[in-house]
Structure formats: C-alpha cells, structure tokens
Amino acid sequence: MPYLFETEEHAALRANVRRFAAKHIAPYGFEWEETGDFPRELYSEAARAGVLGIGYPEAYGGTGGDLGHVLVASEEMILAGHSVGTTVGLGSHSIALPPILRFGSEAQRNEFVVPVLRGEKVSALAITEPGGGSDVAALATRARRDGDYYVVHGTKTFITSGCRADLVTTAVRTGGEGHGGISLLVIEKGTAGFTVSKRLRKTGWWASDTAELSFDECRVPVRNLLGEENQGFIAIMLNFITERLYLAGQCVAIGELAYRESMRYARDRRAFGRPIAGFQVLRHKLADMASALAAARALTGEVATRHLRGEVVTSLAAMAKNTASDMCSFVCDAAVQIHGGAGYMRETLVERLYRDARIYPIGGGTREIMNEVIAKLEGF
Amino acid sequence: MKILVPLKRVADPDNANKIKVTAGKIETTGLEWKPNPFDEYAVETALRLTEDAATPKARKGEVVVVSFGPKEVDTTLRSALATGADKAIRIDTTDDAIDGDLLARALKALVEKEKPDLVLLGKQQVEGDSNQVGQLLAEYLGWPQATFAGSIVSEADKSLVVSREVDGGSLKVRVTLPAVVSVDLRIVNPKGVQSVFTKAGHNYPEGVRFAALMAIMAAKKKPLTEVKLADLVSDPTLKVKTGAAELPPSRKAGIKVKTVQELVAKLKTEAKVL
C-alpha cells in the first residue's frame, strides 16, 4: 500500500527506483550483507540513474523533489533491493548533506555537496562519541582555533559510512559547555590527524560500514566551518527531524517487506495437510502485522505531509519514529516466528530483517529520548 | 529525424503466476503493468538516434511514442516521456478490441498523419509473442523493413545499416529511410546504436536509461494527446479470433535421485536427453 500523499509522479519514481534496485542491488544484496560491504561504484551508478540526488536541489546536482519523494524512493530501494544495509550505506549523505545545504556557504555547497551527489565522494555525519550519544549538548570533541585552522581532538563512533567517507560533517566543541558551544565542521579524508580507528561489527545493517573515527591534532581549515561558530546545535536538531522521518520510513519499508515475505511463506509452507496460512493463529498474526504496518505508515505519511506544509513536527516526528520502530520490531519478530526454523537461518531474508530492525529504537535518537522530546514539547 | 515508437503495456511477466483465468477469460484486474521490454528497447534506441550522447538533454530529433489502450496506459506513455521522448499519443481502445493486423492498419494511418522518418518498435510484445506488427506495417506502408535489429548505424539519417539477429549469427542490411525497424535485446548494448551526433566509440550504460525525478516532473508538461481508434481505421474487424484462454498445466513435483549414476540412467532412459 503506498502512502496516502502519493501521486502518479511518486508511482513513476517508485518504478524507476525499483528498476534500479532490481538491477544493481537485488542480485548482489545477500553477498554484500554477508561480506559487510558493497562496491563504491554503486554510488556513481545510483547518481547516474538519478537515484542518489532525490530530494536535493538541481542547482547542486540533485534531481529535485521533497521529503515525500525521499521516503518513497528509500522504501522502494528496500522492497526491490532486499538489502537494508546497502540502502542505508548508500544513503548516508541524507544526514551528512542537509546541514551543509542549510547552513553552508555557496562555495561550501559547491565544494562538498556537488561531488557527493555525483557519486564521486562519500559523506558521513559524525555526532555520537564513545562517551555519549543522546546527550548531544555534552559532546567532548574539541576544536581549538589556531589562526586559519581549528585543531580538532576527540573520537566519534557509530558513524555510518565512516570507513570510506571522503567528507565528514562533524559536531565539535568550539566554545564553552552545553549546547551553546557546538559547531559543525566538514572534515575531509586525508587531513593529517584524521583516521578511521575501528571498523565496527554490528547486529544488523551489515552491508553498511560503521566506523569509529579519531581526530588527533587534526587541523581543519576555518573555511570548513558550517554557518556561525557555536551555532551548530540548532543545525543538529533540525537535521534530527528529517532523519527521524527517514528512519520511520525505513521501518515502514522493512515491515512491509517482512510482512510480504511472511504472507508468501505462510501460503507456500504446508503443515498438517494444509498451508499454514490456513491456521487461524497465523492468519491473526498476519492481520496484526498488517494493522500495525498500516498504522505506522499512516502516521509517518501524515507527519511527512505536515512537515511539507511547513508545520513544526519535532514532537510528531519523534512519535512517528517510535510508532514505526515498534511496529518494525514486532513485525520482524512475528515474521521470523512464522518462518519457524527457516526464520532463524542466515539465508532467509526475514532473519536479516529481524537483525536490521534492532537499530531503529536506538539510532537517530533512542526510543527513550524520543519520549523525552515528546514529553517536553507536549508540556508534561 | 522524427521517429515513431509504438509502445504497449503488458502484464508484468515476472508475476505471470498471479494471472487468473475465469470462464476462458484472463482476469486483468489486480495485475501489475509494465512497458513491454522490447518496446522499451525501441524507445531507448530512438532516443540514442536523436541525441548527442555527450549532451543528451539537448534533443536533436523528435521521438513520438504511441500506445493503444484505455486511460491507464497514459502512465506507460508518461514514463516514456520521462526518459526523454518528446510527445505521446494514446489511441483509445481496449486489449480485446485489437490484434496485430488492426494495430498495423491503425499505425499506417497514424504514420500518414505524423510523417515520421522511421518507425521503431519492439520485435514482439511478451504477452502474445505474435511478432507481426512491424512486418505488417512495413507491408501496408510499402516501406523497407529490418527486423530483430541488434545494432543500428545511421548514415546521415538518410539510411540505416541494421545488423539483424538471425540464426547462427547476424545479417547486415541497409534500409533507406523512411523504414520500419524492429529491435531485439542486444540493441541496448553499450555500442548498439550509432547516431549521426554521438562520437564513434561512445559507450552507453548497458540497458535502458533511468528517468530522474525532475524528468518525471517535466514529463507531465509534455504533450499527450488522445485519438479515437475509429478516427484511424474505419473497419475495426479483427483477423485473429480469440477462443478461450487457459492456464498451462501446473508443474508436477520432481523426483529425487540418490546417485549420479541413477541420474545419468534416468536422463538416458526416461528423459532421453543423453
């Protein structure tokens, strides 16, 4: 079922992304998830197919479109590509670029955004640190001003596409304690003192690389500062709203895929002389899955629509993320259960989706932080 | 050069198992539709012939796509416009009111109105596999034809050298325009098409091009006109009479063999393929 906001244009976009994912991802997705990597050429392939630039202005090499188009495209990539890890790895620019577009200068947009949307460079966003993630205002990576440079010291972790990122939108402390002392710097690969200290092994999202990054006396030119010094916190918070909607959309996509796989399996698999879909206990399980999925899709679609209308949706985006990630956990767990022993096997798609699903109540702001956001904004 | 490309939507061949037949008729509700793959290759070929691959956005010719069918077929035409075609025409009818001969007769009338230099079409559509529209159309028009094109080289847009896919190899023919050419799968190879504008040796990405979102949006503004079938042909009589449709018998379960020897024995004695 498509989102309620979708038009004929979204359907055409879906068809295009479906064709891309079926050709360039689906045949290799399983292997990439197992080996924990996908080839770099996929970025340029995606750029050429007009898939990488969806939601970005044409002036910087994007293909236009808004949040609704991004949601639809990423859903279709998951549904047709069958590899969530590849989709999120390929999409790491969706959190790395918006702060550059929103707060960067014209020169910075041309220097950083254009090559990423052309698929020539890979971008990542680095906020979380070993010492803290949810508590953004307490981040400890320091950037000391020294003439035309910032000297950056610190460590970032859980960074999607961090291993091969050519540019990292990095949150650093340029000022005093609290949220008033945070800035965003674009730190480029090859800058002395910037290293990938660890490639991290995860529960899910295997095809997407995740890194720990170290900055040791790393000298970053001042011209790589995004916006004003010490004004980074607001940029990070604004970025979170769309990131949470993207994550909710991924949950809807994963839930949809797990549900489809379960329905197919329940019809094919026979036990006690009939397809297991004939048993009421499974029919009701599938009905619950379909209902939870429809509810999460409806809320995600509504919040996206309100966001596009210009409403401030901070609280609603948090609600959508929680609703969708709860749905995704539930649906993927039920999907494994329906698949029985096969559902516990690595070659079964729902086994992988079940592992992929676990990140969503954590990444982009934990379930608990979402509730704190909601509680604060609702005023209780 | 002006190229007319007939394009048909077909039920998604990857979902053939979803097709249901009731009382001898195929149920079309709920089916997913796709452009006929060979027709997509024809659109791609037409675009390659009317552009300089270095600057594909600057069109150097005109590609008109035409489809027969109900209003929903507009979606198929719009997606062809999104990949780069310039203009679309839908001839209003339904699948059960047409056959290859009627299509060829209607296309002849359309060709006389549109006056293209070339009609490019898929060698066949994957539903009926009749493989006759191109040939009939060339006959009715009295134009030269080259079928199953695996590669095309334009000679100053006055004639085309077409490499035809035939048993045991390929056959090169030169057709003088205007002509009818039907295309095969290999035409969308990186060097399948050589236009007068594109540098020799240019490599296209394998396959049919993708439509970016901005092109999808722009496609809504491109002209799409509707024509009544009756305005093109006065006699809608079909030459092909459809009896009843039935599904192929479902596959029987296979057997398991224990040893390679047993397998070879069965291949020899039962399957008789060795």
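Summary of the structure given here.

Analysis parameters
- All residue numbers refer to positions counted from 1 along the written sequence of the respective chain.
- Each chain takes a letter, starting from A, and each ligand takes a number, starting from 1, following the order in which they are written.
- The predicted origin of the model limits local features to residues at a pLDDT of at least 70 and limits the giving and counting of side-chain atom pairs to 80 or more, whereas totals for whole chains, interfaces and linings rest on all residues.
- Water and hydrogen atoms play no part in the side-chain values, which are based on all heavy atoms of the structure.
- Two strands are counted as paired when DSSP detects at least two bridges linking them.
- Think of it this way: any DSSP run of H or I at least four residues long counts as a helix, any run of E at least two long counts as a strand, and we number them from the N terminus.
- With strands facing away from the observer, any crossover in which the path from the first strand over the helix to the second runs clockwise is taken as right-handed.
- Contacts between residues were defined by any pair of non-hydrogen atoms, one from each residue, lying within 4.5 Å.
- Salt bridges are defined by distance alone: a side-chain nitrogen of Lys or Arg within 4 Å of a carboxyl oxygen of Asp or Glu.
- A 1.4 Å probe rolled over the protein chains alone gives each residue an accessible area, and that area as a share of the maximum for its type sets the label: buried under 20%, exposed over 50%, partly exposed in between.
- Like charges are joined within 9 Å and nonpolar side chains (Val, Leu, Ile, Met, Phe, Trp, Tyr) within 5 Å, but only among residues with over 30% relative accessible area and no salt bridge; these make up the patches.
- In this description, accessible areas are obtained by the Shrake-Rupley approach with a 1.4 Å probe, and a residue is regarded as covered only by the protein chains that are shown.
- Definition of a polar contact: a pair of N or O atoms within 3.5 Å, with one able to donate and the other able to accept a hydrogen when the atoms are protein atoms, and with sequence-neighbouring residues admitted only if both atoms are side-chain atoms.
- Among buried residues, the Ala, Val, Leu, Ile, Met, Phe, Trp, Tyr and Cys ones that are joined through side-chain atoms within 4.5 Å form a nonpolar core.
- Boundaries of every domain are those given by an automatic assignment or by a domain database.
- Each cavity reported here is a set of points on a 1 Å grid over the protein atoms alone in which a 1.4 Å probe fits but cannot get out, each pocket an open set with protein on both sides within 12 Å along at least five of seven lines, and each lining residue one with an atom within 4 Å of a point.
- Grid points are joined across faces, edges and corners, and a volume is the space filled by probe spheres set on the points.
- For this classification, the nonpolar set comprises Ala, Val, Leu, Ile, Met, Phe, Trp, Tyr, Cys and Pro, the charged set comprises Asp, Glu, Lys and Arg, and every other residue, Gly included, is treated as polar.
- Accessible area that two parts lose when put together, with a 1.4 Å probe and added across both, is what the buried area reports.

Residue and element names in this part refer to chain B. Relative to strand S7 (residues 87–92), strand S6 (residues 62–69) runs parallel, the two being bridged by 6 bridges. Its bridge partner being in S7, Ser67 is matched across the sheet by Arg90. Each parallel crossover has a hand, and the one from S6 via helix H2 (residues 74–83) to S7 is right-handed.

Residue and element names in this part refer to chain A. By the element assignment, Val136 lies in the loop between strand S1 (123–126) and strand S2 (142–146). It is 9.0 Å that separates the C-alpha atoms of Val136 and Ala171, two residues lying 35 residues apart in sequence. Setting aside anything within four residues of it in sequence, one finds Val136 in contact with Ile127, Ile182, Phe233, Ile236, Met237 and Phe240.

To continue, consider the pattern of salt bridges. For the coordinates displayed, the defined rule picks out 48 salt bridges over all chains. For Arg14 of chain A, the salt bridge goes to Glu76 of chain A, with nearest N and O atoms at 2.7 Å. Of this pair, Arg14 of chain A sits in helix H1 (residues 8–24) while Glu76 of chain A sits in helix H4 (residues 67–81), placing them 62 residues apart in sequence. Accessibility expressed as a relative area gives 9% for Arg14 of chain A, which makes it buried. Note that Glu114 of chain B is salt-bridged to Lys2 of chain B, the shortest N-O span being 3.0 Å. A residue pair is termed long-range when its members are at least 10 positions apart, and Glu114 of chain B in helix H3 (residues 100–114) and Lys2 of chain B in strand S1 (residues 2–6) qualify at 112 residues. Here Lys2 of chain B falls in the buried class, since its relative accessible area comes to 16%. Taken together, the shared-partner salt bridges in this structure form one network comprising Glu6, Arg14, Arg18, Glu75, Glu76, Glu256, Arg260 and Arg297 of chain A.

Turning next to a nonpolar patch on the surface. A contiguous nonpolar surface patch, about 380 Å² in accessible area, is contributed by Val260, Val264, Val273 and Leu274 of chain B. One can find Val264 of chain B in helix H6 (residues 260–269).

It is worth spelling out the side chain of Glu33 of chain A at this point. Residues and elements named next belong to chain A. You can see Glu33 is positioned in helix H2 (residues 26–35). Engagement of the side chain of Glu33 in a polar contact is seen with the side chain of Ser83, the distance being 2.7 Å. Within the structure, the side chain of Glu33 is placed 2.9 Å from the backbone nitrogen of Gly85, a separation counted as a polar contact. If we skip the residues at most four places from it in the chain, Glu33 touches Ser83, Val84, Gly85, Thr86, Trp205, Trp206, Ala207 and Arg352.

Counting residues in each nonpolar core, the largest one holds 111 residues, and the members touching the most others are Phe20 and Leu90 of chain A together with Val5, Val65, Leu120, Ile152 and Val181 of chain B. Tallying contributions element by element places helix H9 (residues 232–268) of chain A first for this core, with 14 residues. In terms of domain composition, this core takes at least three residues from each of domain 1 (8–91) and domain 3 (234–378) of chain A. For Val65 of chain B, the contacting residues outside a window of four places in its chain are Val5, Leu7, Val43, Leu77, Ala80, Ala85, Lys87, Ala88 and Ile89 of chain B.

The subject of this paragraph is H2 of chain B. The α-helix advances 3.6 residues per turn, and as a result positions three or four apart in sequence lie on the same side. Residue and element names in this part refer to chain B. Most of H2 is tucked away, with 7 of its 10 residues classed as buried. Where H2 is concerned, the buried positions are Asp74, Thr76, Leu77, Ala80, Leu81, Ala82 and Thr83. At the C-terminal side of H2, Gly84 shows a positive phi close to 140°.

Residue and element names in this part refer to chain B. In the structure shown here, the tally under the stated rule is 2 cavities of 30 Å³ or more. For the largest cavity, the calculated volume is near 50 Å³. Contributing to the lining of the largest cavity are Ala11, Asp12, Asn15, Ala16, Lys18, Ile19, Gly30, Leu31 and Glu32. Of the residues assigned to the lining of the largest cavity, the class counts are 4 nonpolar, 2 polar and 3 charged. Considered as a void within the structure, the second largest cavity measures approximately 40 Å³ in volume. Split into classes, the residues belonging to the lining of the second largest cavity amount to 5 nonpolar, 3 polar and 1 charged.

Below, the discussion takes up the interface of chain A and chain B. Each side of the interface is counted separately: chain A has 19 residues, and chain B has 15 residues. Buried surface at the junction of chain A and chain B, both sides included, amounts to about 1400 Å², of which 63% is carbon and sulfur. For chain A, the biggest contributors to the area lost against chain B are Glu9, Arg19 and Thr63 of chain A; these three give 37% of the whole. Where chain A packs against chain B, one counts 1 salt bridge. Applying the counting rule to chain A against chain B returns 6 residue pairs in polar contact (both at pLDDT 80 or more). Residue contributions to the side of chain A that touches chain B peak at 9 residues, all from H1 of chain A. Here the side of chain A that touches chain B is built from residues that sort into 5 nonpolar, 8 polar and 6 charged.

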